[in-house]
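# Tertiary structure, described
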Amino acid sequence: MNTLTTIEKKPRLTTSAMIASIASEGQRVTAAPFGKALVELARNRPEIVGMTADLAKYTDLHLFAKEYPERFFQMGMAEQLLMAAAGGMAKEGFIPFATTYAVFGTRRAYDFVHQVIAEENLNVKICCALPGLTTGYGPSHQATEDLAMMRCIPGLTIIDPCDALDIEQAVPQMADHQGPVYMRLPRGNVPLVLDEYDYKFELGKAKLIRDGNAVLVIASGFMTMRALEVADQLKADGIEVAVLHVPTIKPLDEATILAEVRRMGRLVVVAENHSVIGGLGEAVAGLLMRSGVSTAFRQIGLPDAFLDAGALPTLHDRYGISTQTMSRQIKNWV
């Protein structure tokens, strides 16, 4: 009895693999920026509807559901139905924002996105949480190949926002854009970093966030935040790092990328929260080769592998996308 009592009194263990936040301790964050931005936009846009596949709470769409219950559609655990129904809503003149996890919105529903939505150029906005390595639940939930898959769909605009400001400013521009959009969606308490750099999101445009004469890091998603942290660290070693943020993966802002790569003869590093196959790195490499631009080029991204489950800080270190591992790698290259 004493042994059982002792066991019962032990605190219940939890796993940090459940934590999907990329915000570091003490970092400034904004809660549910996507949900709040969509609620605000929809006040004067009655054609906007919210749709999800049983994941409203986990994609911040629950805020929209609470504010506009008559314009919210819960499709259940049926991502193919979600995409097909969103296409139908778009045909009737609505602008559906459809949310789920990235693995389900791409791998599970790909044919419906391709055939129902994209082929007919329907005005559907697909917003998918847990992109790349932003969950510790292993390959079933880690969408490390979503950009590679979605880049292949003709006419599909792809957005990979860095922070809360990016999301807030992207949502209305997504609604104004005529045609299908896929956005990787940071959710929950999302870091806020770009407001310190006088940054404004423009659909289809890359922005130089910070300049430097030794290394040019071309990044998207939260890897832009990491690149800015790396730039601060390497400055102490006398290594000046420029950071070019590319929030729109497709269409790629080729003119800005080429202009920055051609300046100063810097080492070019593409950093992305995605497999090194088929994402931003290969898109930039292909652009440089087609344009006849020769430069020292490196990639920081996730390996071509099924990744482990575990705590995000451990996994980011293991797979080379943490601030510390990025700093060491770039310093070695320089």
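For the structure given in this document, a descriptive report is provided here. (Residues numbered from 1 in each chain as written. Predicted model: local features only at pLDDT ≥ 70, side-chain atom pairs only at ≥ 80, totals over all residues. Heavy atoms only, no water.)

Here we come to the overall build of the chain. Scanning the chain for helices and strands turns up 13 helices and 14 strands. Since a compact globule built from 334 residues should have a radius of gyration of about 20 Å, the 20 Å found for the chain is in line with a globular shape. Overall, the C-alpha framework of the chain stretches about 70 × 55 × 35 Å when taken along its three principal axes. If you take every contact in the chain between residues at least 6 apart in sequence, the share linking residues at least 24 apart comes to 80%. Total accessible area on the chain stands at roughly 14,400 Å², and carbon and sulfur atoms take up 53% of it. Side-chain charges of the chain comprise 32 positive and 37 negative groups, with the mean position of each set lying 3 Å from the other. (Helix = DSSP H or I, 4+ residues; strand = E, 2+ residues; numbered from the N terminus. Rg over C-alpha atoms; globule rule 2.2 N^0.38 Å. Contact = heavy atoms within 4.5 Å. Areas by Shrake-Rupley, 256 points an atom, 1.4 Å probe, with all protein chains shown as cover. Lys, Arg positive; Asp, Glu negative; His and termini not counted. Charge placed at Lys NZ, Arg CZ, Asp CG, Glu CD.)

Secondary-structure assignment places Thr106 in helix α5 (residues 102-108). Of the residues examined, Thr106 reaches a relative accessible area of 0% and is grouped as buried. Within the structure, the side chain of Thr106 is placed 2.6 Å from the backbone oxygen of Ala102, a separation counted as a polar contact. Leaving out residues up to four positions away in the same chain, Thr106 has contacts with Asp146, Met149, Met150 and Tyr182. (Buried < 20%, exposed > 50% of the residue type's maximum accessible area, 1.4 Å probe, protein only. Polar contact = N/O pair within 3.5 Å; in protein donor to acceptor, adjacent residues only side chain to side chain.)

Over the atoms rolls a probe the size of a water molecule, and its path tells where empty space is left. Size it by volume and the second largest pocket reaches roughly 210 Å³. Forming the walls of the second largest pocket are 13 residues, and the residues nearest its centre are Thr144, Glu145, Asp304, Ala305 and Phe306. Split into classes, the residues belonging to the lining of the second largest pocket amount to 7 nonpolar, 3 polar and 3 charged. (1 Å grid on protein atoms, 1.4 Å probe; cavity = no way out; pocket = protein on both sides within 12 Å on 5 of 7 lines; lining within 4 Å. Points joined across faces, edges and corners; volume = space filled by probe spheres on them. Nonpolar A, V, L, I, M, F, W, Y, C, P; charged D, E, K, R; others polar.)

Reading across the sheet, the 7 strands line up as β3-β2-β4-β5-β7-β6-β12 and stay open at both edges, with mixed pairing between neighbours. The two strands at the open ends of the sheet, each matched to only one other strand, are β3 (72-74) and β12 (248-250). Mean inter-strand twist for the sheet, computed between neighbouring axes without regard to direction, equals 20°. Note that strand β4 (residues 95-101) and strand β5 (residues 125-129) share 5 bridges and pair parallel. Considered in β5, the bridge of Thr100 is made with Cys128. (Pairing = 2+ DSSP bridges. Axes fitted to C-alpha atoms, helices over the stretch in contact; angles between N-to-C directions.)

Attention shifts here to the pairing of strand β14 (residues 297-302). Bridge count between strand β13 (residues 267-275) and β14: 5 bridges; the pairing is parallel. When the sheet's bridge partners are listed, Val268 is paired in β14 with Phe297. Running through helix α11 (residues 280-290), the crossover from β13 to the neighbouring parallel element β14 is right-handed. (Right-handed = clockwise from strand over helix to strand, strands pointing away.)

Bringing α11 into the picture now. Along α11, the residues classified as buried are Leu280, Gly281, Ala283, Val284, Gly286, Leu287 and Leu288. For α11, the elements touching its buried residues are α7 (146-151), β10 (215-219), β12, α10 (254-261), β13 and β14. Of the residues flanking the end of α11, it is Gly292, one or two places downstream, whose phi is positive at about 70°.

It is characteristic of soluble globular proteins that their nonpolar side chains tend to be buried jointly. Grouped together as the largest cluster of nonpolar side chains are 63 residues, with contacts concentrated most on Phe34, Ile48, Phe64, Phe97, Met183 and Val217. Ignoring anything within four residues of it in the chain, the contact list for Ile48 reads Leu38, Leu41, Ala42, Phe64, Arg71, Ile95, Phe97 and Ala175. (Core = buried A, V, L, I, M, F, W, Y, C linked by side-chain atoms within 4.5 Å.)

Attention now goes to the pairing of β4. The element β4 is largely enclosed, with a buried count of 7 among its 7 residues. The sheet contact formed by strand β2 (residues 48-52) and β4 spans 5 bridges and is parallel. Across the sheet, Val49 pairs through a bridge with Pro96, a residue of β4.

A word on helix α2 (residues 33-42). Counting buried positions over the 10 residues of α2 gives 8, a clear majority of the element. Among the residues of α2, Pro33, Phe34, Gly35, Ala37, Leu38, Val39, Leu41 and Ala42 are the ones counted as buried.

The next thing to look at is the packing of α2 against helix α8 (residues 164-176). Direction vectors running N to C along α2 and α8 enclose 35°, while the axes themselves pass 9 Å from each other. In terms of crossing hand, the pair formed by α2 and α8 is right-handed. Taken together, the residues of α8 that come into contact with α2 (itself represented by Pro33, Phe34, Ala37, Leu38 and Leu41) are Ala164, Ile167, Glu168, Val171, Pro172 and Ala175. Looking at the contact of α2 with α8 residue by residue, the class counts come to 10 nonpolar, no polar and 1 charged. (Left-handed = near helix turned anticlockwise from the far one by under 90°.)

Quick look at the packing of aromatic side chains now. Aromatic ring pairs are reported here in terms of the distance separating the ring centres and the angle at which the planes meet. The final tally for this structure, using the stated rule, is 3 aromatic pairs. With centroids separated by 5.1 Å and ring planes inclined at 55°, the aromatic side chains of Phe64 and Tyr68 adopt a geometry described as tilted. The buried category is assigned to Phe64, whose relative accessible area is 0%. Seen in terms of ring centroids, Tyr101 and Phe104 are 6.0 Å apart; in terms of plane orientation they differ by 25°. Their pairing is stacked. By relative accessible area, Tyr101 is classed as buried at 10%. With relative accessibility at 14%, the residue Phe104 sits in the buried group. Across from the ring centre of Tyr68, 4.5 Å away, lies the NZ or CZ of Arg71, which sits over that ring. (Phe/Tyr/Trp six-rings, centres within 6.5 Å; stacked < 30°, edge-to-face > 60°. Lys NZ or Arg CZ within 6 Å of the ring centre and 35° of its normal.)

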